[in-house]
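# Structure at a glance
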Amino acid sequence: MSFDLPENPSLETFVSFMLEQRLADVHTCLPGKILKYDKATQKADVELLLQRKYLGDETKAIKLPPLSNVPVWHPRVKDVIVHMPVKVDDVVTVFFYERSVDRWLSQGGSVDPGDVRKHALSDAVAFPG
């Protein structure tokens, strides 16, 4: 999928290659579409609407897998929530947390993430709109 490193690359070429390879797996924010929504748990299955491109193969795009059990967050403060009636095919903005949020979602408060993953597809949250 990615381009091959030339034989005897310069330090600059090597560092650029390694950075591009690492950045290919850093997810920050993508548009998505609701495939399934559970109002009781406020979780959804989401299809990501932008495909992945790889350095050195700009002609080919790869569809990312659907995400399951993504928390759908609505605007809220301590005592007030603005709940939007999310439906299948609605567009959402999917954000990917900087660190693993499994422990935080289950325990709340300030927690050790317990995992070293960063910006992973599994650490997504969807915002309607």
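What comes next is a walk through the structure. (Residues numbered from 1 in each chain as written. Predicted model: local features only at pLDDT ≥ 70, side-chain atom pairs only at ≥ 80, totals over all residues. Heavy atoms only, no water.)

## Observations regarding the overall build of the protein
Helix and strand counts for the protein come out as 2 helices and 9 strands. Scaling as 2.2 N^0.38, a compact globule of 129 residues should have a C-alpha radius of gyration of about 14 Å, whereas the protein reaches 18 Å, well beyond that. For the protein, the spread of C-alpha atoms along the principal axes amounts to about 60 × 35 × 20 Å. Going through the 129 residues of the protein one by one, you find that 25% of them count as buried. By sequence separation, contacts in the protein at least 24 residues apart represent 59% of the contacts at least 6 residues apart. Surface accessibility of the protein: about 8,800 Å² in total, with carbon and sulfur atoms responsible for 56%. Side-chain charges of the protein comprise 16 positive and 18 negative groups, with the mean position of each set lying 8 Å from the other. (Helix = DSSP H or I, 4+ residues; strand = E, 2+ residues; numbered from the N terminus. Rg over C-alpha atoms; globule rule 2.2 N^0.38 Å. Buried < 20%, exposed > 50% of the residue type's maximum accessible area, 1.4 Å probe, protein only. Contact = heavy atoms within 4.5 Å. Areas by Shrake-Rupley, 256 points an atom, 1.4 Å probe, with all protein chains shown as cover. Lys, Arg positive; Asp, Glu negative; His and termini not counted. Charge placed at Lys NZ, Arg CZ, Asp CG, Glu CD.)

## Overview of the side chain of Arg52
Along the chain, the position of Arg52 falls in strand E3 (residues 52-54). By relative accessible area, which is 16% here, Arg52 ends up buried.

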